[in-house]
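# Close look at the chain arrangement
Here is what each chain is made of, one letter per residue.
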Amino acid sequence: MTQPTPSDPIFWQTRYEAGEAHWDKGAAAPPLLEFLEKEKVEGRVLVPGCGSGHDARALAAQGAEVVGMDFATGAIQAANAYANSPLIQFVMADFLDLEPHFCGGFDWIFEHTCFCAIAPSRRADYVRSCLRALRPGGRILSIFYVNPDHDDPNHPPFRTSLAELDEWFSPSFETLHQQVPTRSYEGREGRELLRVMRLRKSAAGSQF
């Protein structure tokens, strides 16, 4: 029997059912909280791979209208188990196969360990969905996990490099800000990269 891959919801659902959602630390990502202390994320925000929704709740607490998206039933059930702000909507959908009613409707995408969780062969689909989701001038606030403590080609988190990030994103996005966060989950210190990218005018509406 073929084993499910990270591109299959079953891969993630079985981990929720087994209580093995070890990526869920029970709180919003420290680099996000650090960023929000200095900057404001306004408008409509899409959080792909939202999991239990801790990051979505942190964004909504600042006043953003947030759509948390995940394709694992367990993730959406966990997210909806919290007392959530009316500014948040959690939906079960596949970001890599973005439905038309989500296209062009967002001012921001917040990325946190979603890019590293998908198979490298689907990274083009990921960038394409970012292009489809954002309004002209839209931005991505990303916390890329660039240096995980393992390098298994068959199991996430998948390693990526700065050169690969530039290769995938720079044709369509300009980098406005980049830093190694000073606050991270324990064990991720120095392994993450916070980056703010803005959709280039020439790329608006592009599907590439």
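Residues numbered from 1 in each chain as written. Predicted model: local features only at pLDDT ≥ 70, side-chain atom pairs only at ≥ 80, totals over all residues. Heavy atoms only, no water.

### A look at the overall build of the chain
Selection rule: For the purposes of this entry, the term helix denotes a DSSP run of H or I that reaches at least four residues, the term strand denotes a run of E that reaches at least two, and both are numbered from the N terminus. For every residue, the accessible area obtained with a 1.4 Å probe (protein chains only) is divided by the maximum for its type, and the residue is called buried under 20%, exposed over 50%, and partly exposed between those limits. Every residue pair with non-hydrogen atoms within 4.5 Å of one another is taken to be in contact. Accessibility throughout is a Shrake-Rupley quantity obtained with a 1.4 Å probe, and a residue counts as covered only by protein chains that appear here. The sign given to each residue is positive for Lys and Arg and negative for Asp and Glu; His and the chain ends receive no count. The location of each charge is read from NZ of Lys, CZ of Arg, CG of Asp or CD of Glu.
When you go through the chain residue by residue, the secondary structure sums to six helices and seven strands. Counting from the amino terminus, the chain carries its helices and strands in the arrangement α-α-β-α-β-α-β-β-α-β-α-β-β. Dimensions of the chain, computed from the C-alpha atoms along their principal axes, are close to 45 × 40 × 35 Å. Put simply, the chain has 208 residues, and 50% of those count as buried. In the chain, the share of contacts with a sequence separation of at least 24, taken over all contacts with a separation of at least 6, comes to 69%. Carbon and sulfur atoms make up 50% of the accessible area of the chain, which amounts to about 9,800 Å² in all. The averaged location of the 27 negative side-chain charges in the chain is 6 Å from the averaged location of its 20 positive side-chain charges.

### So, the packing of aromatic side chains
Operational definition: Aromatic rings from Phe, Tyr and Trp, taking only the six-membered ring of Trp, are treated as a pair when their centres fall within 6.5 Å; an angle between ring planes under 30 degrees marks them as stacked, one over 60 as edge-to-face, and anything in between as tilted.
Following the criterion strictly, the structure yields seven aromatic pairs and no others. Between Phe115 and Tyr126, the aromatic rings sit 5.3 Å apart at their centres with planes inclined by 80°, giving edge-to-face as the arrangement. Pair noted here: Phe115 is in the loop between β4 (106-112) and α5 (123-133) and Tyr126 is in helix α5, with a separation of 11 residues, a long-range link. Each member of the pair, Phe115 as well as Tyr126, is classed as buried.

### Quick word on helix α3 (residues 54-61)
Of all eight residues in α3, seven are buried, a share of seventy percent or more. Those residues of α3 lying buried are His54, Asp55, Ala56, Arg57, Ala58, Leu59 and Ala60. Summarising the contacts, the buried residues of α3 are in contact with α2 (30-36), β1 (44-48), β2 (65-70), α4 (73-80), β3 (88-92) and β4. With its phi angle positive at about 110°, Gly63 sits one or two positions after the end of α3.

### As for the pairing of β2
To keep it simple, the criterion reads: One bridge is not enough; two strands pair if DSSP finds at least two bridges between them. Clockwise travel from the first strand over the helix to the second, with the strands pointing away from the viewer, marks a crossover as right-handed.
With respect to burial, β2 is a largely interior element, five of its six residues being buried. As defined by bridge partners, β1 adjoins β2 across five bridges and the pair is classed as parallel. Across the sheet, residue Val47 finds its bridge partner in β2, namely Gly68. After leaving β1, the chain enters α3 and then returns to the sheet as β2, a path that is right-handed. Summarising the sheet, β2 and β3 pair through five bridges and their orientation is parallel. For Gly68, the partnering residue across the bridge sits in β3 and is Phe90.

### Side note on unusual backbone geometry
Residue Pro157 follows Pro156 across a cis peptide bond; omega there is 0°. Looking at the secondary structure, you find Pro157 in the loop between β5 (134-145) and α6 (162-169). Positive phi outside glycine occurs at Thr113, with the angle close to 55°. Residue position: Thr113 is located in the loop between β4 and α5.

Remember, this is a structural readout, not a statement about activity or role.
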